[in-house]
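Analysis of the macromolecular model
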Amino acid sequence: AQKVTQAQTEISVVEKEDVTLDCVYETRDTTYYLFWYKQPPSGELVFLIRRNSFDEQNEISGRYSWNFQKSTSSFNFTITASQVVDSAVYFCALSGLTGGGNKLTFGTGTQLKVEL
Amino acid sequence: NAGVTQTPKFQVLKTGQSMTLQCAQDMNHNSMYWYRQDPGMGLRLIYYSASEGTTDKGEVPNGYNVSRLNKREFSLRLESAAPSQTSVYFCASRFGTGRTSSNQPQHFGDGTRLSIL
(Lines give C-alpha, C1' and ligand atoms only; values in the text may rest on other atoms or scores of the structure.)
Protein backbone atom coordinates (compact mmCIF):
# COMPACT_ATOMS: atom_id res chain seq x y z
CA ALA A 1 0.00 0.00 0.00
CA GLN A 2 1.08 3.56 -0.61
CA LYS A 3 1.27 6.12 2.17
CA VAL A 4 2.33 9.74 2.41
CA THR A 5 3.00 11.40 5.75
CA GLN A 6 3.18 15.12 6.32
CA ALA A 7 3.82 15.30 10.03
CA GLN A 8 3.73 19.09 10.20
CA THR A 9 0.10 20.09 10.47
CA GLU A 10 0.74 23.82 10.66
CA ILE A 11 3.81 26.03 10.41
CA SER A 12 3.97 29.75 11.13
CA VAL A 13 6.90 31.89 10.03
CA VAL A 14 7.70 35.55 9.69
CA GLU A 15 8.18 36.90 6.21
CA LYS A 16 11.68 36.40 4.77
CA GLU A 17 12.34 33.35 6.90
CA ASP A 18 13.21 30.07 5.17
CA VAL A 19 10.84 27.18 5.79
CA THR A 20 10.98 23.47 4.98
CA LEU A 21 7.90 21.31 4.58
CA ASP A 22 8.52 17.63 5.23
CA CYS A 23 7.14 14.71 3.25
CA VAL A 24 7.83 11.05 3.96
CA TYR A 25 6.40 8.31 1.78
CA GLU A 26 6.01 4.54 1.73
CA THR A 27 5.66 2.39 -1.35
CA ARG A 28 6.64 -1.07 -2.56
CA ASP A 29 6.97 0.12 -6.12
CA THR A 30 10.45 0.55 -7.55
CA THR A 31 9.17 3.11 -10.03
CA TYR A 32 7.05 5.88 -8.59
CA TYR A 33 6.43 9.59 -8.84
CA LEU A 34 6.18 12.31 -6.22
CA PHE A 35 4.27 15.54 -6.51
CA TRP A 36 3.74 18.75 -4.58
CA TYR A 37 0.54 20.78 -4.80
CA LYS A 38 -0.32 24.18 -3.35
CA GLN A 39 -3.80 25.12 -2.13
CA PRO A 40 -4.03 28.88 -1.48
CA PRO A 41 -6.85 30.37 0.60
CA SER A 42 -8.95 30.68 -2.57
CA GLY A 43 -9.20 26.89 -2.52
CA GLU A 44 -7.92 25.68 -5.88
CA LEU A 45 -5.18 23.05 -6.10
CA VAL A 46 -2.11 24.08 -8.06
CA PHE A 47 0.47 21.58 -9.28
CA LEU A 48 4.02 22.63 -8.35
CA ILE A 49 6.44 19.85 -9.22
CA ARG A 50 6.85 16.20 -10.15
CA ARG A 51 9.85 14.01 -9.36
CA ASN A 52 10.41 10.42 -10.49
CA SER A 53 12.01 7.75 -8.33
CA PHE A 54 15.12 7.30 -10.44
CA ASP A 55 16.10 10.97 -10.46
CA GLU A 56 17.44 12.15 -7.13
CA GLN A 57 18.73 15.43 -8.44
CA ASN A 58 17.48 18.32 -6.37
CA GLU A 59 15.48 20.98 -8.12
CA ILE A 60 15.34 24.73 -7.66
CA SER A 61 12.75 27.06 -9.10
CA GLY A 62 13.15 30.61 -7.91
CA ARG A 63 12.57 30.65 -4.15
CA TYR A 64 11.35 27.04 -4.20
CA SER A 65 13.58 24.00 -3.92
CA TRP A 66 12.94 20.30 -3.49
CA ASN A 67 15.17 17.71 -1.87
CA PHE A 68 14.46 14.09 -2.82
CA GLN A 69 16.26 11.39 -0.82
CA LYS A 70 15.38 7.77 -1.57
CA SER A 71 17.49 6.56 1.35
CA THR A 72 15.12 8.25 3.80
CA SER A 73 11.99 8.09 1.59
CA SER A 74 11.61 11.83 1.81
CA PHE A 75 10.72 14.57 -0.62
CA ASN A 76 11.01 17.84 1.26
CA PHE A 77 10.05 21.28 0.00
CA THR A 78 11.91 24.44 1.01
CA ILE A 79 10.74 28.00 0.49
CA THR A 80 13.54 30.54 0.76
CA ALA A 81 12.76 34.07 1.92
CA SER A 82 9.08 33.30 2.45
CA GLN A 83 6.42 35.82 1.47
CA VAL A 84 2.86 36.36 2.59
CA VAL A 85 1.67 35.03 -0.78
CA ASP A 86 3.22 31.68 0.12
CA SER A 87 0.55 31.21 2.78
CA ALA A 88 -1.34 28.09 1.73
CA VAL A 89 -1.85 24.43 2.41
CA TYR A 90 0.79 22.30 0.71
CA PHE A 91 0.16 18.69 -0.22
CA CYS A 92 2.68 16.02 -1.07
CA ALA A 93 1.41 13.12 -3.19
CA LEU A 94 2.64 9.78 -4.50
CA SER A 95 1.76 7.88 -7.66
CA GLY A 96 3.05 4.39 -8.25
CA LEU A 97 2.23 1.43 -10.42
CA THR A 98 0.37 -0.38 -7.63
CA GLY A 99 -3.28 -0.72 -8.54
CA GLY A 100 -2.57 -0.18 -12.20
CA GLY A 101 -0.98 3.21 -11.80
CA ASN A 102 -4.23 5.06 -11.65
CA LYS A 103 -4.19 6.47 -8.16
CA LEU A 104 -2.54 9.45 -6.51
CA THR A 105 -2.12 9.16 -2.74
CA PHE A 106 -2.09 12.46 -0.86
CA GLY A 107 -0.66 13.42 2.48
CA THR A 108 -2.84 15.30 4.92
CA GLY A 109 -1.23 18.62 4.04
CA THR A 110 0.78 21.28 5.87
CA GLN A 111 -0.80 24.67 6.51
CA LEU A 112 1.86 27.36 6.08
CA LYS A 113 1.17 30.81 7.49
CA VAL A 114 3.58 33.58 6.61
CA GLU A 115 3.11 36.72 8.66
CA LEU A 116 4.51 40.19 8.31
CA ASN B 1 -8.45 27.62 -21.40
CA ALA B 2 -10.96 26.25 -18.88
CA GLY B 3 -9.21 23.02 -17.83
CA VAL B 4 -11.48 21.24 -15.34
CA THR B 5 -14.86 22.82 -14.65
CA GLN B 6 -17.05 21.85 -11.71
CA THR B 7 -20.64 22.86 -11.10
CA PRO B 8 -22.08 24.01 -8.82
CA LYS B 9 -19.51 25.84 -6.68
CA PHE B 10 -21.69 25.84 -3.57
CA GLN B 11 -24.73 23.82 -2.53
CA VAL B 12 -26.76 23.32 0.61
CA LEU B 13 -28.89 20.20 0.90
CA LYS B 14 -31.19 18.72 3.46
CA THR B 15 -30.57 15.22 4.75
CA GLY B 16 -32.07 12.68 2.38
CA GLN B 17 -32.03 14.89 -0.71
CA SER B 18 -30.21 13.79 -3.85
CA MET B 19 -27.69 15.77 -5.83
CA THR B 20 -25.40 15.37 -8.81
CA LEU B 21 -22.09 17.19 -9.02
CA GLN B 22 -20.93 17.83 -12.54
CA CYS B 23 -17.40 17.82 -13.86
CA ALA B 24 -16.08 18.45 -17.36
CA GLN B 25 -12.56 18.71 -18.73
CA ASP B 26 -11.41 20.06 -22.06
CA MET B 27 -7.85 18.68 -22.07
CA ASN B 28 -8.71 15.39 -23.79
CA HIS B 29 -7.63 13.47 -20.68
CA ASN B 30 -8.52 9.82 -20.33
CA SER B 31 -8.49 9.57 -16.53
CA MET B 32 -10.86 11.43 -14.23
CA TYR B 33 -11.25 11.45 -10.45
CA TRP B 34 -13.52 12.55 -7.63
CA TYR B 35 -12.07 13.46 -4.23
CA ARG B 36 -13.43 14.82 -1.03
CA GLN B 37 -11.44 17.12 1.22
CA ASP B 38 -12.13 17.27 4.93
CA PRO B 39 -10.16 19.18 7.59
CA GLY B 40 -7.05 17.32 8.68
CA MET B 41 -7.63 14.43 6.27
CA GLY B 42 -6.17 15.64 3.01
CA LEU B 43 -7.83 14.52 -0.21
CA ARG B 44 -9.48 11.14 -0.25
CA LEU B 45 -10.39 9.40 -3.46
CA ILE B 46 -14.07 8.56 -3.87
CA TYR B 47 -14.21 7.10 -7.38
CA TYR B 48 -12.14 7.27 -10.50
CA SER B 49 -12.49 6.52 -14.18
CA ALA B 50 -9.38 5.34 -15.98
CA SER B 51 -11.04 5.65 -19.35
CA GLU B 52 -14.39 6.29 -20.96
CA GLY B 53 -16.76 3.50 -20.02
CA THR B 54 -14.94 2.38 -16.86
CA THR B 55 -15.28 3.41 -13.23
CA ASP B 56 -13.69 2.07 -10.05
CA LYS B 57 -14.05 2.63 -6.35
CA GLY B 58 -11.52 4.64 -4.43
CA GLU B 59 -10.91 4.90 -0.72
CA VAL B 60 -14.34 6.23 0.38
CA PRO B 61 -17.02 5.22 -2.15
CA ASN B 62 -19.93 4.49 0.20
CA GLY B 63 -22.93 6.75 -0.37
CA TYR B 64 -21.81 7.85 -3.83
CA ASN B 65 -22.28 6.81 -7.43
CA VAL B 66 -20.53 8.05 -10.54
CA SER B 67 -21.13 8.17 -14.26
CA ARG B 68 -18.53 8.66 -16.94
CA LEU B 69 -20.89 10.16 -19.48
CA ASN B 70 -18.27 10.56 -22.19
CA LYS B 71 -14.58 11.35 -22.36
CA ARG B 72 -15.14 14.91 -21.14
CA GLU B 73 -17.65 14.45 -18.34
CA PHE B 74 -17.60 12.59 -15.03
CA SER B 75 -20.45 13.15 -12.59
CA LEU B 76 -20.78 12.30 -8.90
CA ARG B 77 -24.18 11.53 -7.41
CA LEU B 78 -25.33 11.52 -3.81
CA GLU B 79 -28.55 9.51 -3.76
CA SER B 80 -29.55 10.28 -0.17
CA ALA B 81 -27.35 12.96 1.32
CA ALA B 82 -26.14 12.61 4.91
CA PRO B 83 -24.47 15.21 7.17
CA SER B 84 -21.27 13.12 7.06
CA GLN B 85 -21.04 13.99 3.36
CA THR B 86 -20.59 17.67 4.12
CA SER B 87 -17.25 18.39 2.47
CA VAL B 88 -15.44 20.09 -0.36
CA TYR B 89 -15.50 17.94 -3.48
CA PHE B 90 -12.82 18.13 -6.13
CA CYS B 91 -12.82 16.69 -9.61
CA ALA B 92 -9.52 16.06 -11.35
CA SER B 93 -8.28 14.72 -14.66
CA ARG B 94 -5.01 13.31 -15.86
CA PHE B 95 -3.42 12.49 -19.20
CA GLY B 96 -3.16 8.81 -20.05
CA THR B 97 -4.57 5.79 -18.29
CA GLY B 98 -3.20 3.14 -15.98
CA ARG B 99 0.55 2.86 -15.94
CA THR B 100 0.96 5.43 -18.69
CA SER B 101 -0.64 8.03 -16.46
CA SER B 102 1.25 7.37 -13.23
CA ASN B 103 3.87 10.02 -14.00
CA GLN B 104 1.33 12.67 -14.93
CA PRO B 105 0.07 15.36 -12.56
CA GLN B 106 -3.63 15.57 -11.93
CA HIS B 107 -5.35 18.82 -12.85
CA PHE B 108 -8.06 19.94 -10.48
CA GLY B 109 -11.27 21.90 -10.72
CA ASP B 110 -12.01 24.69 -8.27
CA GLY B 111 -14.12 22.49 -6.03
CA THR B 112 -17.72 22.27 -4.88
CA ARG B 113 -18.46 23.22 -1.28
CA LEU B 114 -21.37 21.02 -0.17
CA SER B 115 -23.21 21.41 3.12
CA ILE B 116 -25.82 18.92 4.27
CA LEU B 117 -28.10 19.96 7.08
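What counts, and where the lines are drawn
Residues numbered from 1 in each chain as written. Chains lettered and ligands numbered in written order. Predicted model: local features only at pLDDT ≥ 70, side-chain atom pairs only at ≥ 80, totals over all residues. Heavy atoms only, no water. Contact = heavy atoms within 4.5 Å. Buried area = accessible area lost by both parts, 1.4 Å probe. Polar contact = N/O pair within 3.5 Å; in protein donor to acceptor, adjacent residues only side chain to side chain. Helix = DSSP H or I, 4+ residues; strand = E, 2+ residues; numbered from the N terminus. Buried < 20%, exposed > 50% of the residue type's maximum accessible area, 1.4 Å probe, protein only. Core = buried A, V, L, I, M, F, W, Y, C linked by side-chain atoms within 4.5 Å. Salt bridge = Lys/Arg side-chain N within 4 Å of Asp/Glu carboxyl O. Disulfide = S-S within 2.5 Å.

1. What to know about the interface of chain A and chain B
Residue-level contacts link 22 residues of chain A with 25 residues of chain B. Here chain A packs against chain B, burying approximately 1,800 Å² in sum over the two surfaces, 56% of which is carbon and sulfur. It is A:Leu45, A:Asn102 and A:Phe106 that lose the most area in chain A upon contact with chain B, and together they represent 29% of the buried surface on that side. For the interface between chain A and chain B, the tally reads four residue pairs in polar contact (both at pLDDT 80 or more). Of all elements in the fold, only β5 (32-39), β6 (46-52) and β10 (88-96) of chain A reach the threshold of two or more residues within the side of chain A that touches chain B. No other element matches β5(A), which puts four residues into the side of chain A that touches chain B.

2. Considering the environment of B:Met27
Residue and element names in this part refer to chain B. Position of Met27 among the secondary structure elements: in the loop between β3 (19-25) and β4 (31-37). For Met27, a relative accessible area of 28% corresponds to the partly exposed category. Remark: the alpha-carbon pair of Met27 and Thr55, spanning 28 residues in sequence, is separated by 19 Å. When near neighbours in sequence (up to four residues on either side) are disregarded, Met27 contacts Gly3, Val4, Ser93 and His107.

3. Focus: the nonpolar core
One finds A:Trp36, A:Phe77, A:Tyr90 and A:Leu112 to be the most contacted residues of the largest nonpolar core, which totals 23 residues. At the level of secondary structure, the elements contributing two or more residues to this core comprise β2 (10-14), β3 (19-21), β5, β8 (64-69), β9 (74-79), β10 and β12 (110-115) of chain A. Considering each element in turn, this core owes the most residues, four residues, to β10(A). Discounting residues that sit within four places of it in the chain, A:Phe77 has contacts with A:Val19, A:Thr20, A:Leu21, A:Trp36, A:Leu48, A:Tyr64, A:Ser65, A:Trp66 and A:Tyr90. Among the nonpolar cores identified, the runner-up in size contains 19 residues, and B:Tyr64, B:Leu78, B:Ala81 and B:Tyr89 belong to it.

4. Considering the pattern of salt bridges
What the rule picks out here adds up to seven salt bridges over all chains. Among the ionic pairs, A:Glu59 bridges to A:Arg51, the shortest N-O distance being 2.8 Å. You can call A:Glu59 partly exposed: its relative accessible area is 31%. The salt bridge partner of B:Arg77 is B:Glu79, with a shortest N-O separation of 3.1 Å. For B:Arg77, a relative accessible area of 29% puts it in the partly exposed group. Residue B:Glu79 is classed as partly exposed on the basis of its relative accessible area, which comes to 43%.

5. Section: the environment of B:Thr97
Looking at the element boundaries, B:Thr97 is found in the loop between β9 (87-94) and β10 (107-108). Accessibility expressed as a relative area gives 30% for B:Thr97, which makes it partly exposed. Linking B:Thr97 and B:Thr86, residues 11 residues apart in sequence, is a C-alpha distance of 30 Å. Those residues in contact with B:Thr97 that lie beyond four places of it in its chain are A:Asn102, B:Asn30, B:Ser31, B:Ala50 and B:Ser51.

6. Considering the state of the cysteines
With the rule as written, the count across this model stands at two disulfides over all chains. Paired by a disulfide, A:Cys23 and A:Cys92 hold their sulfur atoms 2.0 Å apart. In this structure, the disulfide formed by A:Cys23 and A:Cys92 twists by about -65 degrees around the S-S bond and is classed as left-handed. One end of the pair, A:Cys23, is in the loop between β3 and β4 (24-26); the other, A:Cys92, is in strand β10, with 69 residues separating them in the sequence. Note on A:Cys23: relative accessible area 0%, which makes it buried. With relative accessibility at 0%, the residue A:Cys92 sits in the buried group. The side chain of B:Cys23 participates in a disulfide bridge whose partner is B:Cys91; the two sulfur atoms lie 1.9 Å from each other. Its S-S torsion of about -75 degrees marks the bond between B:Cys23 and B:Cys91 as left-handed, since a negative value means left-handed.

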